[in-house]
Amino acid sequence: MIERAGAWLGFLEESLAQWVTEEISVGGFSTSLPVKGNEDIGIGSLIGMQPEGVPHWSVAVVRRLQRKDENQITVGAEILSNRVAGVDLNYSSPAGGATEGGESALWLYSTQAEAAGEVQLLMKADTFTPNLSMKILLNGKEYLLMPIGLQERGLDYDLARFRFVVQEAASHEEPY
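These numbers were taken from a predicted model, which means no experiment stands behind them.

Colleague: Could you give an account of the packing of aromatic side chains, naming the residues involved and the relevant values?
Modeller: Inspection of the entire model under this criterion finds five aromatic pairs. Ring centres of phenylalanine 128 and phenylalanine 162 lie 5.8 Å apart, and the angle between their planes is 70°; this geometry places the pair in the edge-to-face category. Of this pair, phenylalanine 128 sits in the loop between β8 (118-124) and β9 (133-138) while phenylalanine 162 sits in strand β11 (residues 157-169), and the two are 34 residues apart along the sequence. Judged by its relative accessible area of 11%, phenylalanine 128 is buried.

So this is what it looks like as structure tokens:
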């Protein structure tokens, strides 16, 4: 999912799997899966989703696991965002100088937060730094991201909130 969203974070090492949801709502879904082949799924695992017929990717995190029997598990996941875009992070030092970034992240679209000038980024584990601002390019605009705080730390990700300011127009880049 992250590779297809244009921001390889190193989470996805396996081939894509097709899941059929049993229950789905705005905030999450559940599905039953065979135990065999899904041994790596655990609480806090990230899931990239692309529902059938939808052109963009979504991201969710496993919040609940229940073993139905020796061959089946039920997975409950919270949808973090129904639409994501890959971005490259360029860090700024407190003195204002830019440093090399090279890190990738996912911009989690959310209408309410974006209207308030805030955004969530899904980043590699242990990469959120509370005192470093970043610049990114998205949809032809350059954004300055100022850290608000770390919302959640998973085994393989940091979910952080940033305040953003649009700085100037730049080249066009489509989100996924």
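Colleague: Account for the pattern of salt bridges, with residues named and values stated.
Modeller: A side chain with one charge may pair with a side chain of the opposite charge, provided their charged atoms come close. Inspection of the entire model under this criterion finds six salt bridges. Salt-bridge contacts for arginine 63 lead to glutamate 152; the nearest nitrogen and oxygen are separated by 2.8 Å. Linking arginine 63 in strand β4 (residues 58-67) with glutamate 152 in strand β10 (residues 141-153), this pair joins segments that are 89 residues apart in sequence. As a salt-bridge pair, arginine 161 and glutamate 118 come within 3.5 Å of each other at their nearest N and O atoms. Pair noted here: arginine 161 is in strand β11 and glutamate 118 is in strand β8, with a separation of 43 residues, a long-range link.

Colleague: Now, about the side chain of threonine 127: what can you tell me, with residues and values included?
Modeller: Within the element layout of this structure, threonine 127 appears in the loop between β8 and β9. Exposure remark for threonine 127: the relative accessible area of 16% places this residue in the buried category. Beyond its immediate chain neighbours, meaning those up to four positions away, threonine 127 contacts Tyr91, Glu103 and Asp158.

Colleague: So what about the pairing of β4? Which residues, and what values?
Modeller: Bridge count between strand β3 (residues 46-49) and β4: four bridges; the pairing is antiparallel. Directly across from isoleucine 47, in β4, lies its bridge partner alanine 60. Looking at chain direction, β4 and strand β5 (residues 72-81) are connected through eight bridges and run antiparallel. Its bridge partner being in β5, valine 62 is matched across the sheet by alanine 77. What sits between β4 and β5 in their antiparallel hairpin is a turn of four residues.

Colleague: Which residues make up unusual backbone geometry, and what are the values?
Modeller: Most peptide bonds are trans, and most residues other than glycine sit at a negative phi. Positive phi outside glycine occurs at aspartate 126, with the angle close to 60°. By the element assignment, aspartate 126 lies in the loop between β8 and β9. Judged by relative accessible area, which is 58%, aspartate 126 ranks as exposed. One non-glycine residue, asparagine 139, lies in positive phi territory at about 55°. Checked against the element boundaries, asparagine 139 lands in the loop between β9 and β10. Owing to a relative accessible area of 29%, asparagine 139 belongs among the partly exposed residues under this scheme.

Reading guide: rules and limits
Residues numbered from 1 in each chain as written. Predicted model: local features only at pLDDT ≥ 70, side-chain atom pairs only at ≥ 80, totals over all residues. Heavy atoms only, no water. Phe/Tyr/Trp six-rings, centres within 6.5 Å; stacked < 30°, edge-to-face > 60°. Helix = DSSP H or I, 4+ residues; strand = E, 2+ residues; numbered from the N terminus. Buried < 20%, exposed > 50% of the residue type's maximum accessible area, 1.4 Å probe, protein only. Salt bridge = Lys/Arg side-chain N within 4 Å of Asp/Glu carboxyl O. Contact = heavy atoms within 4.5 Å. Pairing = 2+ DSSP bridges.

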